[in-house]
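# Chains, contacts and geometry: an overview
Listed below are the residues making up each chain.
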Amino acid sequence: MAASSTDTEEPQGGAVTAGIIIIGDEILKGHTQDTNSLFMCRRLRSLGVSVRRVSVVPDEARLIAEEIASLAPRYTYLLTAGGIGPTHDDVTFEGAALAFREQLRPNLELARLVEAHFGTSDPARPEMKLALVPESSVLNYGTDRRSGEPLRYPLVSVRNVYLFPGIPSLLESALDGLQHLFADPRTSFHTRAVFVDADEFSIAPALSRADALFRRCVSLGSYPDWLSNYHRVKLTLDSDSLPRLEEALHYLLENLPPGSVVPLVQDPVARAAEEVYRLAHAGSPLGLKVASALRTIEEALNQFSLSEICVGFNGGKDCTALLHLYHAALQRRAPDCKEKLQALYIRTVSPFPEMERFIQDTIKRYDLQIYTVQGSIREALGDLQSQHPQLQAVLMGTRNTDPYSRSLTPLCPTDPGWPKYMRVNPLLDWSYHDIWEFLRTLYVPYCILYDKGYTSLGSTDNTSKNPALRFVDKRGVVKYRPAYKLEKEEDERNSRK
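Counting restarts for each chain, with residues numbered from 1 along the sequence as it is written. Side-chain atom pairs in this predicted model are given and counted only at pLDDT of 80 or more, local residue features only at pLDDT of at least 70, and totals for whole chains, interfaces and linings cover all residues. With hydrogens and water excluded, all non-hydrogen atoms of the structure serve as input to the side-chain values.

## Section: the overall build of the chain
Helix and strand definitions follow DSSP, with helices as H or I runs of at least four residues and strands as E runs of at least two, each counted in order from the N terminus. Along its length, the chain carries 15 helices and 20 strands. What you see for the chain is a C-alpha radius of gyration of 29 Å, clearly larger than the 23 Å of a compact globule of 497 residues, by over 25%. The principal-axis extents of the C-alpha atoms in the chain amount to approximately 85 × 60 × 40 Å. Residues count as neighbours in contact if any of their non-hydrogen atoms are within 4.5 Å of one another. Taking all contacts inside the chain whose residues are at least 6 apart in sequence as the whole, residues at least 24 apart take part in 72%. In these tables, accessible area is a Shrake-Rupley quantity obtained with a 1.4 Å probe, and a residue counts as shielded only by the protein chains included in the view. As displayed, the chain has an accessible area near 25200 Å², and 50% of this comes from carbon and sulfur atoms. In this tally Asp and Glu are treated as negative and Lys and Arg as positive; neither His nor the chain ends contributes. In this description, the location of a charge corresponds to atom NZ of lysine, CZ of arginine, CG of aspartate or CD of glutamate. Averaging the coordinates of the 56 positive side-chain charges in the chain and doing the same for the 62 negative ones gives two points 5 Å apart. Atoms considered for the radius of gyration are the C-alpha atoms alone. The globule rule reads 2.2 Å times the number of residues to the power 0.38.

## Section: the state of the cysteines
Here, a disulfide means two cysteine sulfur atoms that sit within 2.5 Å of each other. The full count for this structure, using the stated rule, is zero disulfides. Unpaired in this structure, Cys 337 has its nearest cysteine sulfur neighbour in Cys 310, at a distance of 16 Å. Take Cys 337: its relative accessible area is 37%, and that puts it in the partly exposed class. Think of it in three bands: with a 1.4 Å probe and only protein chains considered, a residue is buried below 20% of the maximum accessible area for its type, exposed above 50%, and partly exposed in between.

## Brief notes about the pairing of strand E9 (residues 190-196)
DSSP calls a pair of strands paired once it identifies at least 2 bridges connecting them. In the sheet, E9 pairs with strand E11 (residues 233-239) via seven bridges, with the strands oriented antiparallel. In the sheet register, His 190 faces E11, and the bridge partner there is Ser 239. Relative to strand E12 (residues 261-262), E9 is paired through two bridges, and the arrangement is antiparallel. Pairing of Phe 195 across the sheet is with Val 262, part of E12.

## Here's the deal with the packing of aromatic side chains
Pairing of aromatic rings covers Phe, Tyr and Trp, the last through its six-membered ring, and needs centres within 6.5 Å; plane angles under 30 degrees mean stacked, over 60 mean edge-to-face, and all others mean tilted. In total, this model carries 14 aromatic pairs according to the counting rule given. Between Trp 436 and Tyr 450, the ring centres sit 5.3 Å apart and the planes meet at 75 degrees, which makes this aromatic pair edge-to-face. Taken together, the positions of Trp 436 in helix H15 (residues 432-441) and Tyr 450 in the loop between H15 and strand E19 (470-472) put the pair 14 residues apart, joining distant regions of the chain. Accessibility classification places Trp 436 together with Tyr 450 in one group, the buried group. Among the aromatic residues, those joined into a cluster by ring pairs are Tyr 230, Trp 436, Tyr 443, Tyr 446, Tyr 450 and Tyr 484.

## Quick look at the sheet that holds strand E3 (residues 77-81)
Spatially, the six strands line up as an open sheet ordered E2-E1-E3-E8-E7-E6, and their pairing is mixed. Strands at the two margins of the open sheet, each flanked by one partner only, are strand E2 (49-57) and strand E6 (138-140). The mean angle between the axes of side-by-side strands here comes to 25 degrees, regardless of whether they run parallel or antiparallel. Pairing of strand E1 (residues 16-23) with E2 involves eight bridges; the strand directions are parallel. When the bridges of E2 are listed, Thr 17 appears paired with Ser 50. Inter-axis angles, ranging from 0 to 180 degrees, are taken between N-to-C directions of lines fitted to C-alpha atoms, where helices are fitted over the stretch in contact.

## As for the packing of helix H10 (residues 272-280) against helix H12 (residues 317-333)
Direction vectors running N to C along H10 and H12 enclose 105 degrees, while the axes themselves pass 8 Å from each other. Between H10 and H12, the crossing angle belongs to the class labelled roughly perpendicular. Contacts between H10 and H12 involve Ala 272, Ala 273, Val 276 and Tyr 277 on the former and, on the latter, His 324, Leu 325, His 327, Ala 328, Ala 329, Gln 331 and Arg 332. Put simply, Ala, Val, Leu, Ile, Met, Phe, Trp, Tyr, Cys and Pro go in the nonpolar bin, Asp, Glu, Lys and Arg in the charged bin, and everything else, Gly too, in the polar bin. Tallied by class, residues from the contact of H10 with H12 come to seven nonpolar, three polar and one charged. Geometric relationships in this document are graded by angle, where less than 35 degrees denotes roughly parallel, more than 145 denotes roughly antiparallel, 65 to 115 denotes roughly perpendicular, and other angles denote oblique.

## Observations regarding the sheet that holds strand E16 (residues 393-395)
Two modes of strand pairing occur in sheets, parallel and antiparallel, and in both the strands are linked by backbone hydrogen bonds. Pairing in this open sheet of six strands is mixed, and the strands run E15-E14-E13-E16-E18-E17 from one edge to the other. Strand pairing shows two members of the sheet lacking a second neighbour, strand E15 (368-374) and strand E17 (411-413), which therefore form its edges. Between one strand axis and the next, the sheet turns by 30 degrees as a mean value, whatever way the strands run. Sheet topology places strand E13 (residues 309-312) next to E16; three bridges connect them, and they run parallel. From the neighbouring strand, Ile 309 faces E16, where its bridge partner is Ala 393. Here H12 sits on the sheet and contacts E13, strand E14 (341-347), E15 and E16; the angle it forms with E13, its principal contact strand, is near 150 degrees. The strands touched by helix H13 (residues 353-366) are E14 and E15; relative to E15, the strand with the most contacts, the crossing angle is about 150 degrees.

## So, unusual backbone geometry
With phi around 55 degrees, Arg 101 is a residue other than glycine that occupies positive phi space. Relative to the elements of secondary structure, Arg 101 occurs in the loop between helix H4 (92-99) and strand E4 (104-106). At Tyr 443, a position not held by glycine, the phi torsion is positive, near 55 degrees. As for its position among the elements, Tyr 443 is in the loop between H15 and E19.

## Details of empty space enclosed by the protein
Over the atoms rolls a probe the size of a water molecule, and in doing so it shows where empty space is left. Using only the protein atoms, space was sampled on a 1 Å grid; points where a 1.4 Å probe fits but cannot get out form cavities, open sets with protein on both sides within 12 Å along at least five of seven lines form pockets, and lining residues are those with an atom within 4 Å of a point. Grid points are joined across faces, edges and corners, and a volume is the space filled by probe spheres set on the points. Per the counting criterion, the structure on display carries one cavity of 30 Å³ or more. Lining the largest cavity are Ala 210, Asp 211, Phe 214, Arg 215, Val 218, Leu 220, Leu 237, Ala 248 and Leu 252. Elements with a contribution of two residues or more to the lining of the largest cavity: helix H8 (200-214) and helix H9 (242-255). With three residues, the top contributor of residues to the lining of the largest cavity is H8. For the lining of the largest cavity, the class distribution of residues is seven nonpolar, no polar and two charged.

## With respect to the nonpolar core
By size, the foremost hydrophobic cluster in this structure holds 67 residues, and its most contacted members are Val 290, Leu 325, Tyr 326, Trp 430, Phe 438 and Leu 439. The greatest single-element share of this core, amounting to nine residues, is contributed by H12. Not counting residues up to four positions away in its chain, the partners in contact with Phe 438 are Val 276, Leu 279, Leu 286, Val 290, Ala 321, His 324, Leu 325 and Trp 430. Side-chain atoms within 4.5 Å are what join buried Ala, Val, Leu, Ile, Met, Phe, Trp, Tyr and Cys residues into a set we call a nonpolar core. Grouped together as the second largest cluster of nonpolar side chains are 29 residues, Val 91, Ala 111, Leu 139 and Val 158 included.

## Considerations on H8
Maximal helix bending in H8 amounts to about 30 degrees, located at Ala 206. The elements touched by buried residues of H8 are E9, strand E10 (219-224), E11 and H9. In protein, a polar contact requires one atom able to donate a hydrogen and another able to accept it; more generally it is a pair of N or O atoms within 3.5 Å, and residues adjacent in sequence count only if both atoms are side-chain atoms. The N-cap of H8, judged by a side-chain oxygen 3.1 Å from the amide nitrogen of Phe 201 a few residues on, is Asp 199. Bend, at a single residue, is the angle you get between axes fitted to the 7 residues ending at that residue and the 7 residues starting at it.

Shown next as structure tokens:
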């Protein structure tokens with residue numbers, strides 16, 4: 001079972017290579033999500049190391065040994081994560097010893113460290129298992145990247161195999177503190193991404209030609225994305241040669257179907273203030289409406305503190321546009337503010353699962369403090385008032401074309417008999433097409449149902465795809481165009497019962 005020489009897996013450009021073994025029954029049983037391999041891959045790549053394989057094995061010394069013996073000769077470095085500790089299932093040291101046909105021996109230096117930390121030198125104590133390592137082990141002391149102080153406990157390695165703890169914080173500290181052991185100063189990896197609004201079948205010929213021309217120096221990956229509103233495939237190009245990478249990128253852009261490449265803004269939330277206010281100052285018809293909406297939001301912020309305002313958000317297109325506008329106004333007004341935006345979600349009885357998922361994604365994307373209530377709008381506002389009495393104003397994505405909304409003004413109190421709030425309506429003069437132009441111009445994520453033929457979303461009980469978007473493709477298959485392709489605005493609610 002000893003590690004023996006075998007053919008190495010050479011990466012592009014002869015970079016330093018690494019393999020990773022994740023050790024733990026809890027990973028294979030689905031009890032714990034592995035985050036260590038993600039961190040290690042990213043960190044090693046930043047150091048110029050090409051990770052060629054990641055494997056997962058259970059807490060069994062024999063299987064750990066077989067994996068180490070198989071992978072250690074193939075790569076410059078082999079890193080393991082997990083299986084180090086005082087319990088019966090911590091057998092990584094034993095597996096490493098078996099892989100190299102060595103004995104486990106007490107390491108005096110480790111024994112002193114264990115005694116200093118745990119206050120015991122009794123060989124029978126579980127803590128002393130941490131000092132029982134393969135006989136050729138080397139102790140590697142790292143440096144704390146923040147304090148510059150030496151790390152108190154060393155990382156054990158056997159030949160080219162580095163045995164990391166499985167606790168993510170300890171692993172990350174150890175790897176960051178020992179970067180000098182793995183870094184290849186000769187190599188820097190470069191990455192480019194291309195977003196394509198076409199299916200993989202239509203771009204496969206161009207990808208095959210590009211791969212045939214550049215595969216020796218550029219890695220080309222194709223990844224479908226079923227949840228994006230703006231692209232269907234993400235292409236990645238990776239290389240340690242920047243000139244060859246740029247050459248491959250140019251070739252790809254020239255050979256993909258015309259109009260299929262999307263100049264996607266990957267983080268529209270972080271850039272919201274910059275992009276929204278640029279649009280507001282553009283002088284275009286949409287820009288003028290954006291400017292007016294921002295003035296209404298800013299007027300509300302002048303009258304109420306952030307803790308007194310919440311934005312109504314149910315995942316629909318109008319409130320998604322409103323939330324982005326509100327976020328942009330706050331980002332510009334107080335860029336260093338750490339206070340969360342408050343949002344009100346009035347949950348329907350039978351919500352679409354896709355809508356629920358989008359709402360959860362949006363909460364994370366905008367870092368929202370969400371208040372979820374059920375019932376009619378009047379009941380929901382009553383519950384909100386009793387549970388959160390500090391709130392005085394609610395931003396709403398109402399448009400004049402919505403039912404019972406023609407008499408509203410940008411700032412108006414609720415009607416008599418309703419819970420007392422100031423209703424803030426920045427979008428009153430916006431049209432259906434204005435909403436879609438705003439969202440898609442700024443690449444704001446919206447609920448995926450709108451790309452599947454829905455134009456106005458309620459619950460699963462009262463909402464269906466809009467027949468105005470229905471069409472039959474060349475193969476005779478019935479399909480639906482996305483909501484932003486709707487021609488007549490008066491057809492927006494045709495699909496609502």
